[in-house]
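Chain by chain, the residues:
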Amino acid sequence: MHEAKEKIIYVDPYKINTNYNDADIIFCTHSHYDHFSMEDINKVRKPETILVITTDCLDKAKELGFDTKNIITVEQNKKYEILGITVETVPAYNLENEYHNQVDNWVGYILEINDITYYIAGDTDLIPEIKSVNCDVAFLPVGGTYTMTAKTAANLANIIEPQIVIPTHYGTLVGTKEDAEIFEKELDENIECVILIKE
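Residues numbered from 1 in each chain as written. Predicted model: local features only at pLDDT ≥ 70, side-chain atom pairs only at ≥ 80, totals over all residues. Heavy atoms only, no water.

Visitor: Give me the environment of Ile25: which residues, what numbers.
Guide: Turning to its location among the elements, Ile25 is positioned in strand S2 (residues 25-27). On the accessibility criterion, Ile25 (0% relative accessible area) is buried. For Ile25 and Phe66, which are 41 residues apart along the polypeptide, the C-alpha to C-alpha distance reads 12 Å. Non-local contacts of Ile25, meaning those with residues more than four positions away in its chain, are made with Ile8, Ile9, Tyr10, Thr49, Ile50, Val52, Ile82, Leu83 and Ile85. (Helix = DSSP H or I, 4+ residues; strand = E, 2+ residues; numbered from the N terminus. Buried < 20%, exposed > 50% of the residue type's maximum accessible area, 1.4 Å probe, protein only. Contact = heavy atoms within 4.5 Å.)

As structure tokens, this is what we get:
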């Protein structure tokens, strides 16, 4: 049985500034280049890193030279135990565009670490399957175009009621800091918003 304490975890590492090479686990939600970035995975991986991926990432993972024993492929609506961390996968897809199709079986992750649950939504709209997510901390995309808009993401947060919510997926490809600010304003007052990307 592995202890969950002091694990270094990355989810969809992208635009990493330096070579840390310290990851115990890397989770990837799907194979788009800003979520499975081969360059950035190489900046954070070490020889024993566990790579948790959807099946569409498998060829790229092998191209990176990951040992098959260090690769875990996941499916939607499943539970896993990885280095002492309970991991649950939830669907992630778009409702009205073709960027992220339901049939692709891409995921968001719920990680339980030391009795705190973290929901990382991945690229998704406000789909029925995630309205019942139970978590303490939620990372929700707010940039629009490929994901929920800021107001829709705030609606989801108000439905699932995490204690803390962190807006994501803005400031690079799509979305601006104003989306994060709109998101924060739309939240119920009992939900704390932490804006990590200020620019």
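Visitor: Give me the lowdown on the layout of surface pockets, citing residues and values where you can.
Guide: Considered as a void within the structure, the largest pocket measures approximately 1000 Å³ in volume. Lining of the largest pocket is provided by 30 residues; of these, Val11, Asp12, Pro13, Phe139 and Thr168 occupy positions nearest its centre. When residues of the lining of the largest pocket are traced back to their parent elements, those giving at least two are strand S1 (9-11), strand S7 (107-113), strand S8 (116-120), strand S9 (137-141) and strand S10 (164-168). (1 Å grid on protein atoms, 1.4 Å probe; cavity = no way out; pocket = protein on both sides within 12 Å on 5 of 7 lines; lining within 4 Å. Points joined across faces, edges and corners; volume = space filled by probe spheres on them.)

Visitor: Summarise the sheet that holds S8; cite the residues concerned and give the values.
Guide: Spatially, S5-S6-S7-S8-S9-S10-S11 is the arrangement adopted by the 7 strands of the open sheet, whose pairing is mixed. For this open sheet the edge positions go to strand S5 (79-82) and strand S11 (192-193), each flanked by a neighbour on one side alone. As paired strands, S8 and S9 are joined by 3 bridges and run parallel to one another. Opposite Tyr119, over in S9, you have Ala138 as the bridge partner. Against the sheet, helix H3 (residues 150-160) contacts S8, S9 and S10, and its axis sits at roughly 160 degrees relative to S9. (Pairing = 2+ DSSP bridges. Axes fitted to C-alpha atoms, helices over the stretch in contact; angles between N-to-C directions.)

Visitor: Describe the pattern of salt bridges, with residues and values.
Guide: Going through the model one piece at a time under the given rule, you end up with 3 salt bridges. Ionic pairing is found between Lys46 and Glu48, a salt bridge with its closest N-O pair at 3.9 Å. Classification of Lys46 by relative accessible area gives partly exposed; the value is 21%. Each of Asp24, Lys46 and Glu48 takes part in one network of salt bridges that share partners. (Salt bridge = Lys/Arg side-chain N within 4 Å of Asp/Glu carboxyl O.)

Visitor: Residues and numbers for the packing of H3 against helix H4 (residues 177-186), please.
Guide: Contact geometry for H3 and H4: axes closest at 8 Å, N-to-C directions at 35 degrees. As H3 packs across H4, the resulting crossing turns out to be right-handed. When H3 is examined against H4, the residues Ala150, Lys151, Ala153, Ala154 and Asn158 are found in contact with a partner set consisting of Asp179, Ile182, Phe183 and Glu186. Its residues placed into classes, the contact of H3 with H4 shows 5 nonpolar, 1 polar and 3 charged. (Left-handed = near helix turned anticlockwise from the far one by under 90°. Nonpolar A, V, L, I, M, F, W, Y, C, P; charged D, E, K, R; others polar.)

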